[in-house]
Amino acid sequence: MKFRLIKALVAGAVLTAGAGGAATAAECIAPANPGGGWDFTCRQIGKIMHDIGVVDKPVQVTNMAGAGGGLAFNHVVTEQNENEDLIVAASSATTTRLAQNAYAGMTADQVRFVGAIGADPGVIVVGKDSEIDDLDKMVEMIKADPSSVAFAGGSAVGGFDHMKPLMILKEAGFTDIKKIKYIGVDGGADAITQTVGGFTQAMTGDMSEVVGFLKSGDVRVIAVLTDERVPGFDDIPTAKEQGYDVVAVNWRGLYVPKGISDEAFNNWADKLQQVADSEEWKTAMEANGLAPFTKVGGDFQSYVDGLIEDINGMSKELGVIQ
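The name that an unreviewed UniProt entry assigns to the chain is Putative tricarboxylic transport membrane protein, with the source organism given as Sulfitobacter delicatus. Database annotation for the chain, UniProt heading Sequence similarities (unreviewed entry): "Belongs to the UPF0065 (bug) family."

## Details of helix H1 (residues 37–51)
With 15 residues, H1 should reach 21 Å at 1.5 Å per residue; the first-to-last C-alpha distance of 21 Å fits that figure. Residues of H1 that are buried: Gly37, Trp38, Asp39, Phe40, Thr41, Cys42, Ile45, Gly46, Ile48 and Met49. Phi turns positive, to about 85°, at Gly53, one or two residues after H1.

## Some points on the domain arrangement of the chain
Quoted interface sizes are often the accessible area lost when the parts come together. Assigned domains within the chain: domain 1 (27–120 + 250–318) and domain 2 (121–242). Here the C-alpha centroids of domain 1 and domain 2 sit 24 Å apart. On the domain 2 side, the residues contacting the 29 residues of domain 1 number 25 residues. Together, the buried faces of domain 1 and domain 2 total about 1,900 Å²; carbon and sulfur atoms form 56% of this surface. Summed over the three residues of domain 1 that lose the most area to domain 2, namely Arg97, Asp120 and Leu318, the buried surface amounts to 29% of that side. The residue Asp206 makes a salt bridge to Arg252 at a minimum N-O spacing of 3.1 Å. Linking domain 1 with domain 2 are eight residue pairs in polar contact (both at pLDDT 80 or more).

## A short note on the pattern of salt bridges
Here the structure, examined in full by the defined rule, presents ten salt bridges. Salt-bridge contacts for Asp39 lead to Arg43; the nearest nitrogen and oxygen are separated by 2.8 Å. Highlighted residues: Asp39 and Arg43, both in helix H1, separated by four residues, approximately one helical turn. Asp39 sits in the buried class, given a relative accessible area of 6%. Taking the shortest distance from any N to any O, the salt bridge between Lys164 and Asp206 comes out at 2.7 Å. With Lys164 in helix H5 (residues 160–171) and Asp206 in strand S9 (residues 202–206), this residue pair connects regions lying 42 residues apart in the sequence. According to the relative accessible area criterion, Lys164 is buried, its value standing at 0%. Members of the salt-bridge network, linked through shared partners, are Asp120, Asp161, Lys164, Asp206 and Arg252.

## Digging into the pairing of strand S6 (residues 111–127)
The element S6 is extensively covered by neighbouring structure, given that 17 of its 17 residues are classed as buried. Looking at chain direction, S6 and strand S11 (residues 246–257) are connected through nine bridges and run antiparallel. Residue Ala119 lies in a different strand from S11, and its bridge partner there is Trp251. In this structure, S6 lies alongside strand S12 (residues 295–296), joined through two bridges in antiparallel fashion. Considered in S12, the bridge of Ala116 is made with Lys295. Here S6 pairs with S9 via four bridges, running antiparallel.

## Examining the nonpolar core
Ranked by size, the top nonpolar core spans 93 residues in total, and within it Phe113, Leu135, Met138, Phe151, Ile168, Trp251 and Trp281 carry the most contacts. Here this core spans two domains, and each of domain 1 (27–120 + 250–318) and domain 2 (121–242) adds at least three residues to it. Sequence-distant contacts of Ile168, that is, excluding residues within four places in its chain, are made with Ile124, Leu135, Met138, Val139, Leu225, Tyr244 and Val246. Of all hydrophobic cores here, the second largest spans 16 residues; its members include Met207, Val221, Phe233 and Ile236.

## Points about the environment of Gln80
Tracing the backbone through its elements, the reader meets Gln80 in the loop between helix H2 (70–79) and strand S5 (86–91). On a C-alpha basis, the gap between Gln80 and Ile260 in space is 9.6 Å, while along the polypeptide they are 180 residues apart. When near neighbours in sequence (up to four residues on either side) are disregarded, Gln80 contacts His75, Leu86 and Pro257. At 2.9 Å, the side chain of Gln80 and the side chain of Asn83 are in polar contact.

Criteria and cut-off values
Residues numbered from 1 in each chain as written. Predicted model: local features only at pLDDT ≥ 70, side-chain atom pairs only at ≥ 80, totals over all residues. Heavy atoms only, no water. UniProt positions renumbered as here; feature names shortened; annotations may be inferred. Helix = DSSP H or I, 4+ residues; strand = E, 2+ residues; numbered from the N terminus. Expected span 1.5 Å × (residues − 1). Buried < 20%, exposed > 50% of the residue type's maximum accessible area, 1.4 Å probe, protein only. Domains from an automatic or database assignment. Contact = heavy atoms within 4.5 Å. Buried area = accessible area lost by both parts, 1.4 Å probe. Salt bridge = Lys/Arg side-chain N within 4 Å of Asp/Glu carboxyl O. Polar contact = N/O pair within 3.5 Å; in protein donor to acceptor, adjacent residues only side chain to side chain. Pairing = 2+ DSSP bridges. Core = buried A, V, L, I, M, F, W, Y, C linked by side-chain atoms within 4.5 Å.

Structural data, given as structure tokens:
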């Protein structure tokens, strides 16, 4: 069967938001520690917005780790519902958790999803000296002893990163997914550190989270979960070409408080579209292993609604939720 997902610490600086165009203090919340995918989204998109002149001031990035993004989601819903100067990094992990009711009863319709402008390919990563050479070896070890391979991921248990190895194993005919060892931490940076340090045998995450470790030689990516190999990382085989028909890409985007005006929402969507169209963003995507994936405004909100429904169904099929 084929599976697809077209799924507080404070740092630095502010941006022009608001429908009226005046320069006002604003921020981008990254719902994880510095160094992970959400942090990348805030910093790269905010920087490019300023670099290409669609905002007058740099972006202030606030890292707000906790509950796999739930702390930031709750903060936005309960305390920032009408803040037109606030954007929040989101991804397929966000919609996965919402689809699985992982945010303590909070739902996707309590915010507005403004857009996504890149897809981060899912990856399975091992340490540089690991005995695991490819997916076949990983699957072979797990089938022989499910406790032999522990995975670290930046999502909570049952979240988007957790699903990636489960989908591969289900493709391989392994269905007792409750025996798979998974450690959920706050963001990809913490997850890759677990594997580099030898605390887990593998990391399940996204390409942008491991590029630095890959280039330094600390890890090896044994599979990228895309239809085709990722430009710039052409030596990394896909899961599909290794015989596992699994595609799991993590879109990179933003949500905003539900209570903002339509004018402010459309203003953010326009700014995000300009980033997507820029040469600076194309360069950033290539440098970080991202693929083009652009949906903004109402089109993206509709996409998210459908995605949550699909993830809910897939989660039930995988046995992650009832």
